[in-house]
Structures are given as structure tokens and as C-alpha cells.
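Working through the structure, step by step
Chain by chain, the residues:
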Amino acid sequence: MIAALVVGLGMGVALLAVRPSSSVAQPAAVSASAPLTGQPFTFTKSTQPDPVAEYEPAVVYNMVDKEFLAVWTNQRPFADDDIYAQRVSANGKLLSWFAVNQAAPAGERGEVAVAYNHHHNDYLIVYTRYDSSSASTELRGRRASYQGPQGDEFVIAYTTTNASEPTIAFNDQQDEFLVAWRQSGASHMEIWGRRVAGEAGTGIGGSEFHNSAQELTAPLARDCYSPDLAYHLYRNEYVLAFTYESATDANVYVRLVTAAGVYSVGQQVIINVKADSPAIAANADADQYLIVYRNLDGTGGSSDIWAYTLPGDFSGAVHGAIVQGTTNMKEPDVAQMRDTDLYQIVWTEWPSTEDVKGMRMDSNRNLGDQFSVSASSNFYEFEPVVADGSPL
């Protein structure tokens, strides 16, 4: 069975998770029966102190221990928001949980992202911290194992940048991470990136870093936001997808970023106008990237989910709608299913309530059956994220 974990918000106050089963794995000849394994389950609020809401989830798979780690922002009524993590077995069993950030310095934490490093069997968790004294936001990171945080927080981007929207990818060949984020530029919002060492204290001069922060969206001169990263194992390079606010419309851009953490000048494609919210996954075996995004000019004035397949050499791309209808669709996410030719795609759909939907697609753009991830049609469920897993 192929394991995946989909995590999203249920009614805005609790995280819900489900595991799609192998019965929806094979495109073009898929049984619509039993699309999910087990029932949706919550990361119960009773285990965390004083939560009002749990939101902004992220999830990653640990291939050594064969388990997932979900992270999220924990909103509290009389204290700063903070970051929590929950271990989930490949069979959907809740394991231990832990608080991620340290108490000092004070400040609201949020906008969390996470990546896994199998060389050291640990995680890098990155998140924002709001500094009330300067009314600005910095980006911090902290390493963790299954036992909890390892070492102190460290600053990736300082408050002068007003950093937000972090994303992260792990470079297997170089044992390091690339972290990207949105920050304030002189006249517009920019996307920047920085390479973080795979092991604590092994960067330049014993630091956490292999380079200084680099702008990844120059020379674009208007707002860039909602970045997402994927790493291509065989090419040893990254692809960055982001939304670019042109003079008239939002556009989705895709850029090649080298293993040195810099934009490869000229290696860029513009996917679509009137589009935003890209999510990207790399399929190294197929030498391909899949970018899913929201098309703002969809059927009957609604928003649709589209997919763009991009070869590793940035030539011969194919794109088109994969989910259309009279309802609005948003918040797509995608994961490449390890050791298969499949991608798992999820998104939010809102007719009268907000529901999470899913679908699988292979590298030839064959689609599997659409299935519902939502626990109940009476719930508002949204902000889905998905992680791939090894075959069970």
C-alpha cells in the first residue's frame, strides 16, 4: 500500500488528517470505492496548552522511521502563538508531540514549514517570529528529532527583512536545505533564499549556513509571493514556483535555482496569467516537475485547479485544467509519491461549506478518480497539505 498523509483544518480549530489508500493510486483504471484508509482524526487540542485554534499546517515523511511529522501554529488566548509538532505513524496512529520553539525571545511564532534529512534522521523546522519592539518579522529555524527540538533556534532572515511565507527543500546530494521566503524590498515584495547546513554548526565558520541570503526573483519589479520549492535529486538543482503580481493580473512563475542557491539566469517559465497559489513537486525518475495552481479565470467565473508538467530541462511543458466545475477551488498542494510514478494532489473546494478533495495523477497526466478527504459535509475544512510516504 502507498502511504500518504493529508493534513488540513477542521472548523478552524483542530487539525484533521487522513490517509488516502492504494485503491485510488492508479490513474486511468481506478476503483472509486474506499478512497481513504481509516477515518479522519484530529490532533486533539487537549494535548496542547490553551489553544484557541490550530492552523497553518505542514507535513513531511520520515523514511527511516516510516512516520510523518505534522507541524502547525498554535493560537493561544493569553500568550504568544507558538509552534507544535505531532508524530504520526504510517498507519495513522498518533505518536508523541512536542513544542517546537523556545520561549525566549518572546514574540508570535507562525507560518511554519518543515523538511526531513534522512542522513541525520532529523528535521529542520522554520517559522516566523514577530518582534513587537520593531513591528517587524524575522525568520527562524530549529532542528528536531523524533524526541523533540535539538539545539536552540537560529535566525535565518532578520527583522529588517520582514520575512514571511517560508518554504523549504532538502538537498540529498549536498546534505543541506534551501529555505526560501518572501520579504520586503525597496519597492516591492521579493523572494529570497538561503542554504542551511544539514548538520548543526557545519556551515561557513561553524555557522548554520553555507551562504548569505540571495534574492531569487531579481530583476522582477513587482510583488512576488506564495513561494514553493522542490529539489531534483538527479540534476542536483531546485525549482522555485511563486506568484508574480503584474500590472494587470497575478501570474505563476517558475525558476531554476542551482545547488549553490542562486537563480539560473534565463531558466524561467511563465505558466499562466490570472493564476496564483502554486505548489510544486519533483519526480526525479521521470525527470519532471509538476506545478499545480489556482486558475482565477475558470469555468463560469469560478476558480479551477490546473497542473503544469515541466521537463527537467525546462522544455516541452504541458499544462491544462485537471479539476473544473461551477464551484470555486483553491489552496492546492502536491506531493510526488515515493518509488512510484504518481503525484498526490489536494485542494479546497467550497460550494456551501469548504471541503478538501484529492486526486492522483501520473507523469503522463493520466488522472485517477477524485475523492473527498473531508470528514463531514457540515464541517469547514481547508488549508490542506500532503506528504508522500514509502510503500508500506
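Another point: the sheet that holds strand 23 (residues 318-323). Whenever strands of a sheet pair, they do so through backbone hydrogen bonds, lying parallel or antiparallel. Spatially, the four strands line up as an open sheet ordered 20-21-22-23, and their pairing is antiparallel. Taken across any chain shown, the strands that pair with only one partner, and hence form the sheet edges, are strand 20 (275-283) and strand 23. Taking the axes of each pair of neighbouring strands and ignoring which way they run, one obtains an average angle of 25 degrees across the sheet. Both strand 22 (residues 304-311) and strand 23 contribute to a ladder of five bridges, which runs antiparallel.

Okay, the packing of aromatic side chains next. As enumerated under the stated definition, the model contains eight aromatic pairs in all. Ring plane angle 75 degrees and centroid distance 5.9 Å describe the contact between Phe154 and Phe209, whose orientation is recorded as edge-to-face. Placement of Phe154 in strand 11 (residues 148-157) and of Phe209 in the loop between strand 14 (189-197) and strand 15 (214-215) is noted, with a sequence separation of 55 residues between them. Like Phe154, the residue Phe209 is buried in the burial classification. Seen from their ring centres, Phe170 and Phe177 are 5.1 Å apart, and the 55 degrees between their planes marks the pair as tilted. A network of ring pairs unites the aromatic residues Phe242, Tyr244 and Tyr253 as a single cluster.

Summarising the element assignment, Gly298 is placed in the loop between strand 21 (288-295) and strand 22. A sequence separation of 27 residues divides Gly298 from Gly325, and the C-alpha atoms of the two residues are 8.2 Å apart.

This brings us to the environment of Tyr130. Relative to the helices and strands, Tyr130 resides in strand 9 (residues 122-131). On a C-alpha basis, the gap between Tyr130 and Glu108 in space is 5.2 Å, while along the polypeptide they are 22 residues apart.

The predicted model of the chain averages 86 in pLDDT, with 85% of residues at 70 or higher. Within the model, pLDDT remains below 50 along residues 11-15, and this stretch shows 23 contacts once partners closer than five positions in the same chain are excluded. Scored below 50 in pLDDT, residues 21-34 shows 36 contacts in the model against residues more than four places distant or in partner chains.

Counting residues in hydrophobic clusters, the biggest one holds 18 residues, and the most contacted among them are Val254, Tyr289, Ile291, Tyr293, Leu310 and Phe314. Elements with a minimum of two residues in this core: strand 17 (237-245), strand 18 (250-257), strand 19 (263-273), strand 20, strand 21 and strand 22. When neighbours within four sequence positions are excluded, Leu310 is seen to be in contact with Val254, Val269, Gln288, Tyr289, Ile291 and Ala317. With 16 residues, the next largest nonpolar core counts Ile156, Trp181, Val196 and Phe209 among its residues.

What follows covers the pairing of strand 17. The buried count for strand 17 comes to eight of nine residues, which makes it a mostly enclosed element. As paired elements, strand 16 (residues 224-232) and strand 17 share seven bridges and run antiparallel to each other. Bridge assignment links Leu229 to a residue of strand 17, and that residue is Leu240. Connecting strand 16 to the next strand, strand 17, in antiparallel fashion are four residues, including Asn236 with a positive phi near 50 degrees. In this sheet, strand 18 lies alongside strand 17 in antiparallel orientation, the contact comprising eight bridges. Across the sheet, the residue bridging to Tyr238 is Val257, located in strand 18.

Conventions adopted
Residues numbered from 1 in each chain as written. Predicted model: local features only at pLDDT ≥ 70, side-chain atom pairs only at ≥ 80, totals over all residues. Heavy atoms only, no water. Pairing = 2+ DSSP bridges. Helix = DSSP H or I, 4+ residues; strand = E, 2+ residues; numbered from the N terminus. Axes fitted to C-alpha atoms, helices over the stretch in contact; angles between N-to-C directions. Phe/Tyr/Trp six-rings, centres within 6.5 Å; stacked < 30°, edge-to-face > 60°. Buried < 20%, exposed > 50% of the residue type's maximum accessible area, 1.4 Å probe, protein only. pLDDT = per-residue confidence, 0-100. Contact = heavy atoms within 4.5 Å. Core = buried A, V, L, I, M, F, W, Y, C linked by side-chain atoms within 4.5 Å.

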